[in-house]
Amino acid sequence: MTAALIGKSVSRVDGRLKVTGAATYAAEFEVPNLAHAAVVRSIAANGRIAIDTAEAERAPGVIAVVTHRNAPRLAYQPHKGLPDAAVGERLHVLQDDRVNHQGQPIALVVAETLEQAVHAAEVVRVTYRNEAAATDIKSVDPVLPTGKPAEWEIRRGEPDSAFEQAEFRVDQTYVIPRENHNPIEMFATIAAWEGNSLTLWDKSQWVHNVAEEIAAVFGIATDNVRVISPFVGGAFGSGLRCWPHVTLAALGARVAGRPVKLLLSRREMYYGVGYRPHTVQRAALGASRDGQLQAIRHEGHQETSTYEEFTEALLSATRFLHSCPNVHTRHRIAPMNVHTPTYMRAPGEASGAYALESAMDELAVALNMDPVELRLRNEPDRDESKDLPFSSRSTRECYRAAAERFGWSQRTAEPRSMRDGRSLIGWGMASATYPMNYAPASAMARLLPDGTAEVMSAASDMGPGTWTSMTQVAADTLGLPIERVKFTLGDTRLPRAPIHGGSMTMASVGSAVQAACRKARDEALARAGANNLEEAMKRSGQIIEATADVTPGDETKRFSMHAFGAVFVEVAVDPDLGETRVRRIVGAYGAGRVVNSKIARSQCIGGMIGGIGMALMEHSVVDLRNGRVTNANLAEYAVPVHADAPPVMDVIFVDEHDPHVNPLGVKGLGEIALVGVAPAIANAIFHATGKRVRQLPITPDKLL
Amino acid sequence: MHPLVLERPRDLSAALSFGAQAGRNDAPVEYIAGGTDMVQLLQEYVRRPDRLVSLAGILDDGIEIGPQGLRLGAAATMAEVAAHQAVVEQFPLISQALLNSASPQVRNQATMGGNLLQRTRCPYFRDIGYEACNKRAPGSGCAALDGENRWHAVLGTSDDCIAVHPSDLAVALVALDASVELRGTGGDRSVPLSDLHRLPRDTPHLEAVLEPGEVITAITVPATTAGLRSHYLKVRDRASFEFAVVSAAVAIETDGARIRQARVALGGVGTKPWRLPNVETALAGADFEPAVLRQAAALAAEGTRGRGHNDFKIELMQRAIVRAVEIAGARR
């Protein structure tokens, strides 16, 4: 037996492939006879189009120019995957002359080379008959999402009267701009038809969903679509859905009768895939003099498209994070001439926490109470929204561990009271939470006579380390050295995995891998009558295969299951120039079992840096006059660079054994690592400057 | 990219004969050197020359220092100049401005001449999804005037254009009285850097004073500005790899605890690199008292015009001047 691998610090098994350029991303697959596609996109937000393709058709190298006038009518059979909006109908491409948002695909050019395709796309002549467009959220009346109003407006107790009667009150509006995921790898699809069978090499966080969606769009059997996506160069949620460009690639390949590659440009990334929606929230908290929350009223509305109702878990944590008898939450949407938003790392939770945890800080100031103390005084015994016990909740341990590591007791409460030279120093904190998600998953383990094992599941690895952690779980379960286990993912021919999102991959795929390996191991040992697996594998002389499916039980009915955490931040603000730099972040997380301490820490650091972006710089600047994104590039859309990463980023995993969540006992880390960072920074900036900025990002102009 | 012919002349005189027009946005023949900005603009159809004349390998890339001062060959890269010992020691303002620009990868590729002639970051100029841009399409209007103009200029603007000149290097050079040497088919001439770029007025598509065929061959910085106490201050939304929200280049001579002479230029706020003679005059003879500096810096606001989202720059640039003077004064 080898030493236990789960919990160990193991370097990425795919690290070498990535740093040497040997890992193959979607656009890099070599497919014979490949043609290239380029998309013509709308420069109007609403209206009708007329297209003249004569010049494009004559351009060198052009194989086909596809518009609504000559495109095959696509089946667009009903299909709603988990990441799709529950209400509405996905965008149909090239099926009619209407446009309803900027950047909508209106023509597709297929040519021999990429340059030829791009050039021909540029000479497609489009005339627009513009109609009035809703591109400014201030001019749109928000509405409750369709159906189940009880999901979107929830009350317990008497929030209105309790708020009015509360001795201490905070009631403020907090604004988050639209943010784009901006993964470094741009979306790309290669589509190749053979008869009625389609192979797609795609950048995706869920290959099976791509197969199902494209099968529905083209009206073919799902089994006829194979999707291959072994490596993903960052996604942050942008690869959860199957976006229209995948349909366009397949359509182009069908029309051209050749394999087609479609690669989105950086500018197209702001129109071709979703984004974190512009969100306006009002948070009102009422408390007694001793800091007991009496009332929470939290409402928010977000931009969505005219054709789909995008919603996310904006207000769910408000209902259980802090103890409060009287709570009202209301989530609305503002349908606009934009393309549909989507999930972006900790969708909803990170956005909602910005408002709630900022308001908690404002309440602490009003009460003249330490913000950690305020949270400790409102620590619930159980989930008050579901009236269920938490399967585990380590909030107190997180506050304690992070505060101690940070040195929080040295903080002087008064704003502008801490300085370093010219800089104003601010210390701020916030709570974090993210649900434990566990979904049905399958995996297969194959033991070979040479003493090695192959383990597989159609999961994805957009960066959190699925390749590595699954190899670890498999090797640990089998009791084999890690070098002898090969894990494979990212292909619809492998056993089905759930969506690579919602921080559920470790829990779901990890549990399936563990189950499959156990099954294979037991079978090998039984067959060989041995109690040593390596011995058994050699002795049997055969390949032993086992597939396992895991599925959640009724634990969601018995427990409320979430990861919890606390984030502490130190900022330095230049009082004259308004520049904020984050100096330290300490995060403590109770997230169940940690499978790989090194990669888990790396994932949390990534979340912290993402939170710096959200707090201080990220902003898709939409021209309110016409809905175009004015900074659709990585020069003017600022994300943190190395120089923005603080020298100290401390990650603490508090010991947490949760037997209820899933067989592996993990809660997921990918998203909680972002939650709480932006409000902790905003709170630290208030502590540094005395200025409360309620509109992200907090750029220098807002601090002058 | 609009289809074009790439000419690769053997020497500079052959290059000049193509009549390429640098510094205007409607020219059918243009030069390309490092290409870090040009390629982006070509790819996005912002510029569509039919012919591109490559200057690779045929332009001076030397860095020389002598009794007359500093001479930077137009093809010297940003990285080479920033790291050059004589530049670091005698003209640290230049090195600092360069190291505060772009990223190491870009600095390894981008040249001196190209840096001075790079185009504005105005999003309306760079997105052909907007029809209105007088700089890109003369007479089409300016989408920035009432649009998203947080990035835009408050100095040197016109009713036709408020785009910022994005170079940090040019701001430092203009503060140091630098000139550019130009060569054309008609011979050589020298132009003060402060006269290289045009104000937008009603012809924002004309960006610089180069004649057809003319090319920048070198930048010269007079020895009189060597060894000054200086500081390049750059304010931006993130710590690195970003264009300036506001920048200030300051070089001073001191006389005990007083400023004898100051040179002050601003970036991020002007339609061209912006020297501030009135602020310099007010600083001459001043001590480093914050109130005095503040009063002098306030003169920078003369002639400013905000367009809403960029109003804050008028205050921020004054603060940047004060800070840069303070830091320069504290240097040895």
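Since the model is a prediction, treat every value here as computed from it, not as a measurement.

J.: I'm lost on the pairing of strand β11 (residues 197–202) of chain A in this one. Help?
T.: Looking along a regular strand, one sees side chains alternate from face to face of the sheet. Residues and elements named next belong to chain A. Examined bridge by bridge, strand β10 (residues 188–194) and β11 share six bridges and lie antiparallel to one another. The residue bridging Glu-194 from the neighbouring strand is Ser-197, located in β11. Sheet topology note: the β11/strand β12 (residues 225–228) ladder contains four bridges and is parallel. Each bridged residue has a counterpart across the sheet, and for Leu-200 the counterpart in β12 is Val-227.

J.: It is not clear to me how empty space enclosed by the protein should be interpreted in this structure. Could you clarify?
T.: Rolled over the atoms, a probe as big as a water molecule pinpoints where empty space is left. This structure, assessed with the given rule, holds 11 cavities of 30 Å³ or more. Estimates place the volume of the largest cavity at around 270 Å³. As for the largest cavity, its lining consists of 24 residues, of which A:Glu636, B:Arg121, B:Trp151, B:Phe243 and B:Ala244 are closest to the centre. Class assignment of the residues belonging to the lining of the largest cavity gives a composition of 10 nonpolar, seven polar and seven charged. Put simply, the second largest cavity is a space of about 210 Å³. If you go around the second largest cavity, you meet 22 residues; those closest to its centre are A:Leu91, A:Cys242, A:Trp243, A:Pro244 and A:Tyr307. Elements that contribute at least two residues to the lining of the second largest cavity include exactly α7 (244–256) and α8 (269–272) of chain A.

J.: Help me understand the interface of chain A and chain B, please; the structure alone is not making it clear to me.
T.: Contacts between chain A and chain B engage 36 residues on the former and 37 residues on the latter. Surface buried jointly by chain A and chain B totals about 3200 Å² across both partners, of which 52% is contributed by carbon and sulfur atoms. It is A:Arg267, A:Leu577 and A:Glu636 that lose the most area in chain A upon contact with chain B, and together they represent 18% of the buried surface on that side. Applying the counting rule to chain A against chain B returns nine salt bridges. Looking at the side of chain A that touches chain B, its residues break down into 17 nonpolar, six polar and 13 charged.

J.: In this structure, what is going on with the domain arrangement of chain B? I would like to understand it.
T.: All names here are of chain B. Looking at chain B, the domain boundaries give domain 1 (5–56), domain 2 (63–116 + 169–224) and domain 3 (229–330). Using C-alpha coordinates to define each centre, domain 2 is positioned 21 Å away from domain 3. Each partner contributes residues to the interface: domain 2 has 21 residues there, and domain 3 has 20 residues. Overall, the association of domain 2 and domain 3 removes approximately 1700 Å² of surface from exposure, summing both partners, and the carbon and sulfur fraction of that is 61%. For Arg-275, the salt bridge goes to Asp-177, with nearest N and O atoms at 2.7 Å. Listed by contribution, the elements that provide at least two residues to the side of domain 2 that touches domain 3 are α5 (92–99), α9 (169–175) and α10 (193–196). Considering every element that reaches the side of domain 2 that touches domain 3, the biggest residue donor is α9, with five residues.

J.: Hey, could you run me through the nonpolar core in this one?
T.: Generally speaking, soluble globular proteins have nonpolar side chains that are buried together. Within the largest apolar cluster, 72 residues are counted, with the highest numbers of intra-cluster contacts made by A:Leu363, A:Val569, A:Val571, A:Leu616 and A:Ile681. For this core, the element with the most residues is helix α9 (residues 349–367) of chain A, which contributes 10 residues. For A:Val571, the residues in contact, after removing those within four places along its chain, are A:Leu424, A:Ile425, A:Gly426, A:Thr580, A:Arg581, A:Val582, A:Arg583, A:Ile681, A:Ala684, A:Ile685 and A:Ala688. Judged by nonpolar contacts, the second largest core, of 54 residues, contains B:Leu12, B:Leu16, B:Met112 and B:Ile216.

J.: When you look at the domain arrangement of chain A in this model, what are you seeing that I'm missing?
T.: Frequently, the measure chosen for interface size is the accessible area removed from exposure when the parts meet. Residue and element names in this part refer to chain A. If you check the domain split of chain A, you get domain 1 (27–132 + 181–272), domain 2 (149–178 + 275–436 + 557–703) and domain 3 (439–551). On the domain 3 side, the residues contacting the 15 residues of domain 2 number 14 residues. Carbon and sulfur atoms make up 60% of the surface buried where domain 2 meets domain 3, a total of about 1100 Å² over both sides. Interface area lost by domain 2 to domain 3 is led by Val-595, Ile-599 and Leu-664, which between them contribute 41%. One can count four residue pairs in polar contact (both at pLDDT 80 or more) joining domain 2 with domain 3.

Rules used throughout
- Residues numbered from 1 in each chain as written.
- Chains lettered and ligands numbered in written order.
- Predicted model: local features only at pLDDT ≥ 70, side-chain atom pairs only at ≥ 80, totals over all residues.
- Heavy atoms only, no water.
- Pairing = 2+ DSSP bridges.
- Helix = DSSP H or I, 4+ residues; strand = E, 2+ residues; numbered from the N terminus.
- 1 Å grid on protein atoms, 1.4 Å probe; cavity = no way out; pocket = protein on both sides within 12 Å on 5 of 7 lines; lining within 4 Å.
- Points joined across faces, edges and corners; volume = space filled by probe spheres on them.
- Nonpolar A, V, L, I, M, F, W, Y, C, P; charged D, E, K, R; others polar.
- Contact = heavy atoms within 4.5 Å.
- Buried area = accessible area lost by both parts, 1.4 Å probe.
- Salt bridge = Lys/Arg side-chain N within 4 Å of Asp/Glu carboxyl O.
- Domains from an automatic or database assignment.
- Core = buried A, V, L, I, M, F, W, Y, C linked by side-chain atoms within 4.5 Å.
- Buried < 20%, exposed > 50% of the residue type's maximum accessible area, 1.4 Å probe, protein only.
- Polar contact = N/O pair within 3.5 Å; in protein donor to acceptor, adjacent residues only side chain to side chain.

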